[in-house]
Amino acid sequence: MRHTPAMESAILAVMSDHQGPVGARAAARYLRERGFDVSESTVSRLLTDLDERALTRSLGKKGRILTEEGVRVAANQQLDSERASYFADALNLRDVHDLVDHLAGRRGIEREAARAAALRARPEELADLRAMVETGGEARWRERLAFHKTIGHASHNKQIQAITTSLFDDRLELLERLLMMIGVKQDALARWDQEHRDIVASISDRDADGAERLMVVHLDGMIRETEQFANSGNAHVIHTLLAEIDLA
Ligand SMILES: [Zn+2]
């Protein structure tokens with residue numbers, strides 16, 4: 001049996017928490033306690049592999065300890081997994097309040113994305129954006145999400161890109177369909193389509209102020225329609241659909 005990256009991360013985490021050397025048998029026990037179905041020989045091979053990569057060092061019969069590099073890698077993995085769980089939690093929307101918070105967070109990021117895209121988008125990205133907003137309507141929910149993703153990407157600001165690529169995870173397609181349903185019920189879809197076209201026009205004109213302002217108007221409108229839909233006795237519809245969307 002071949003060891004996996006998840007096993008490797010678990011071993012590094014265990015060794016970093018543990019005072020003193022860890023033996024192969026103890027390491028195998030730790031892994032099994034964490035739900036890995038693993039043989040001692042697999043663990044031995046994993047530990048040898050870590051030795052070869054200078055992440056661990058053998059102290060003979062006593063077992064192994066992390067090298068300085070191993071401590072660094074284990075700490076980075078811990079940060080990565082905390083970051084991943086923050087995003088998973090942020091995307092785990094439960095009620096109208098969570099949904100409105102999500103849209104408000106997007107408003108903060110996407111206004112900057114639209115501004116930066118107006119200054120930095122490449123000609124081929126402008127062409128993509130124009131094609132995405134050419135036709136609107138209910139069947140175009142994929143294009144709507146792609147529109148927002150593309151603007152994040154076209155910001156060419158890696159801080160914004162890091163956040164928008166996490167926010168516009170593929171799992172959000174289902175959320176986009178929920179927003180579309182709200183748009184249809186609130187009779188706002190045609191307006192949202194027009195707002196997309198206006199944002200693309202501003203970005204094409206390299207009008208950063210205009211693009212930013214129109215993106216805020218667009219997200220403000222989505223927040224308002226969501227609140228109005230919820231307040232007209234439909235909060236339970238949103239809650240039911242959110243429960244079906246397992247974003248985490
Ligand atoms: Zn939109």
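As the structure is a computational prediction, the values presented were derived from the model and not from experiment.

K.L.:
So what's going on with the overall build of the protein? Residues and values would help.
P.N.:
Across its full length, the protein holds eleven helices and two strands. Across the protein, helices and strands are ordered from the amino to the carboxyl terminus as α-α-α-β-β-α-α-α-α-α-α-α-α. A compact globule built from 248 residues should have a C-alpha radius of gyration of about 18 Å, whereas the protein, at 24 Å, is more than 25% larger. Projected onto its principal axes, the C-alpha positions of the protein cover 70 × 45 × 30 Å. Of all 248 residues assigned to the protein, the portion counted as buried reaches 41%. Sequence-distant contacts, at least 24 apart, represent 70% of the contacts inside the protein between residues at least 6 apart. As displayed, the protein has an accessible area near 13100 Å², and 50% of this comes from carbon and sulfur atoms. Averaged over its 34 positive side-chain charges, the protein has a centre that lies 6 Å from the centre of its 41 negative ones.

K.L.:
Outline the coordination of the zinc ion, supporting the account with residue identities and numerical values.
P.N.:
Ideal coordination angles are 109.5 degrees for a metal with four donors arranged tetrahedrally and 90 or 180 degrees for a metal with six donors arranged octahedrally. With distances of 2.0 Å, the protein atoms coordinating the zinc ion are H148 (NE2), H196 (NE2) and H218 (NE2). Of note, the donors binding the zinc ion are all from one chain and are spaced H-x47-H-x21-H. With H196 in helix α10 (residues 189-204) and H218 in helix α11 (residues 208-244), this pair connects stretches of sequence that are 22 residues apart. Classification of H218 by relative accessible area gives buried; the value is 1%.

K.L.:
How would you summarise helix α7 (residues 141-154) if you had to cite specific residues and measurements?
P.N.:
For α7, spanning 14 residues, the distance from its first C-alpha to its last is 20 Å, which sits close to the expected 20 Å at 1.5 Å a residue. Those residues of α7 that sit buried are W141, R144, L145, F147, H148, T150, I151, G152 and A154. Contacts from the buried residues of α7 go to α5 (96-120), α6 (123-133), α8 (158-167), α9 (172-185), α10 and α11. A positive phi of about 50° marks H156, the residue just after α7.

K.L.:
Requested: an account of the domain arrangement of the protein, with residues and values cited.
P.N.:
When cut into domains, the protein gives domain 1 (5-83) and domain 2 (91-244). Each of domain 1 and domain 2 has a C-alpha centre, and the two are 43 Å apart.

K.L.:
Just give me the short version of the pattern of salt bridges, but keep the residues and values in it.
P.N.:
Applying the stated criterion across every chain yields a total of 14 salt bridges. Ionic pairing is found between R111 and E212, a salt bridge with its closest N-O pair at 2.8 Å. Here the residue R111 occupies a position in helix α5, and E212 occupies one in helix α11, the gap between them amounting to 101 residues. Overall, R111 belongs to the partly exposed group, its relative accessible area being 33%. Look at E212 and you get buried, because its relative accessible area is 12%. Here D209 and R115 are joined by a salt bridge, their closest N and O atoms 2.3 Å apart. Of this pair, D209 sits in helix α11 while R115 sits in helix α5; the two residues are 94 residues apart in sequence, bridging distant segments of the chain. Accessibility expressed as a relative area gives 24% for R115, which makes it partly exposed. Connected via shared salt-bridge partners are R111, R115, D209 and E212.

K.L.:
Summarise α6; cite the residues concerned and give the values.
P.N.:
Listed as buried for α6 are E125, L126, L129, M132 and V133. Mapping the buried residues of α6 onto a view down its axis gives an arc of 125°, with all of them on the same face. Buried residues along α6 sit against α7 and α10.

Cut-offs applied
Residues numbered from 1 in each chain as written. Predicted model: local features only at pLDDT ≥ 70, side-chain atom pairs only at ≥ 80, totals over all residues. Heavy atoms only, no water. Helix = DSSP H or I, 4+ residues; strand = E, 2+ residues; numbered from the N terminus. Rg over C-alpha atoms; globule rule 2.2 N^0.38 Å. Buried < 20%, exposed > 50% of the residue type's maximum accessible area, 1.4 Å probe, protein only. Contact = heavy atoms within 4.5 Å. Areas by Shrake-Rupley, 256 points an atom, 1.4 Å probe, with all protein chains shown as cover. Lys, Arg positive; Asp, Glu negative; His and termini not counted. Charge placed at Lys NZ, Arg CZ, Asp CG, Glu CD. Donors = N, O, S within 2.8 Å, 3.2 Å for Na, K, Ca; no water. Expected span 1.5 Å × (residues − 1). Domains from an automatic or database assignment. Salt bridge = Lys/Arg side-chain N within 4 Å of Asp/Glu carboxyl O. Arc of directions from axis to C-beta.

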